[in-house]
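# Residue-level structural notes
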Amino acid sequence: MELIKVKDYDAMSEEACAFLVERINRIENPVLGLATGSTPEGLYKRIIEKYNQNEVSFKKVKSFNLDEYVGLEKEDPNSYYYFMKDKLFDHVDISLDNVRVPNGVAADLKQECEAHEAGIKAAGGIDVQLLGIGANGHIGFNEPGTPFTSKTQVVDLEQSTIEANARFFNSIEEVPTQAISMGIETIMNSNEILLLVSGENKADALAKLINGEVTEDVPASVLQNHANVTIIADEAALSVVN
Ligand code: F6R
């Protein structure tokens, strides 16, 4: 694992932008695994700036999102499809035919999970997977205890995750209790992984990931077993790592 230490959220976003732009420009037909949440927002803002300055194009990019809430329509402002359009897709030259966010309202959710896996396979696998981390160590929505052999599946969200994500909803009752999430094995099959970590509330999870044992109790600890992981973390997130 390569650990890049930066000062704060802005510096993390800047560094992540340079990292991703370099890959998009270098890889012939880049296949990206994308994340939502607060962590990558600054990165997406900067990538849009680079696009507007003609420094990067998404014409040849295919993307697969990590997860989606079960029960939210694409048009729902809290859906991750909506997030991706709002924060990135609507502002760059990516074709919506080349993006795949799991469909959280599919009639057959199991089949939808299989279709996500099949899509990734058909694209030749993920070149660069972007990740955030939950305070409980989750990656994607793979909560503690998820088998490392998991593929894309419907998962139950932990109460702590529901509480953490309630900030985006009118009330905690509106937060879905389930999601479709790429599995841990799906994530680990990516050629390269970029994990972004910012803030003190992630410091314990990051310390366990870097110094702790590899255990399904801390899903992110599996990244120790991946050959090509870069972590960009700010000072607050690194406050517990010695
Ligand atoms: C998002 C995702 C989650 C988040 C994590 C951190 O697609 O899969 O694992 O990366 O919950 O969320 P934020 O960035 O909001 O702190």
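Residues numbered from 1 in each chain as written. Predicted model: local features only at pLDDT ≥ 70, side-chain atom pairs only at ≥ 80, totals over all residues.

The protein chain carries the name Glucosamine-6-phosphate deaminase in an unreviewed UniProt entry, which gives Oceanobacillus zhaokaii as its organism. Reading the Sequence similarities (unreviewed entry) entry of the UniProt record for the protein chain gives the comment "Belongs to the glucosamine/galactosamine-6-phosphate isomerase family. NagB subfamily." According to UniProt, the comment filed for the protein chain under the heading Function (unreviewed entry) is "Catalyzes the reversible isomerization-deamination of glucosamine 6-phosphate (GlcN6P) to form fructose 6-phosphate (Fru6P) and ammonium ion." (UniProt positions renumbered as here; feature names shortened; annotations may be inferred.)

Counting residues in each nonpolar core, the largest one holds 65 residues, and the members touching the most others are Leu195 and Leu206. The contacts of Leu195, once residues within four sequence positions are left out, are Leu131, Ile133, Leu223, Val229 and Ile231. (Core = buried A, V, L, I, M, F, W, Y, C linked by C-beta atoms within 7 Å. Buried ≥ 20, exposed ≤ 12 C-beta atoms within 10 Å, placed from the backbone. Contact = placed C-beta atoms within 7 Å.)

Moving on to helix α2 (residues 41-52). The end-to-end C-alpha separation of α2 is 17 Å, in line with the 16 Å expected for 12 residues at 1.5 Å each. If you check which residues of α2 are buried, you get Leu43, Tyr44 and Ile47. The buried residues of α2 occupy an angular sector of 95° when projected down its axis, which confines them to one face. Of the surrounding elements, those touching the buried residues of α2 are α1 (9-26), α3 (80-87) and β9 (192-197). Phi turns positive, to about 60°, at Asn54, one or two residues after α2. (Helix = DSSP H or I, 4+ residues; strand = E, 2+ residues; numbered from the N terminus. Expected span 1.5 Å × (residues − 1). Arc of directions from axis to C-beta.)

The UniProt entry lists residues 9-229 under the feature "domain: Glucosamine/galactosamine-6-phosphate isomerase" (unreviewed entry), expressed in the numbering used here. Helix makes up 33% of residues 9-229 and strand 14%. Its end C-alpha atoms lie 19 Å apart.

Our focus in this paragraph is the sheet that holds strand β8 (residues 178-181). One open sheet accounts for three strands, arranged β4-β8-β7; its pairing is antiparallel. Edge strands, defined here as strands with exactly one partner in the open sheet, are β4 (67-69) and β7 (153-156). Ignoring which end each strand starts from, the neighbouring axes of this sheet average 30° apart. (Pairing = 2+ DSSP bridges. Axes fitted to C-alpha atoms, helices over the stretch in contact; angles between N-to-C directions.)

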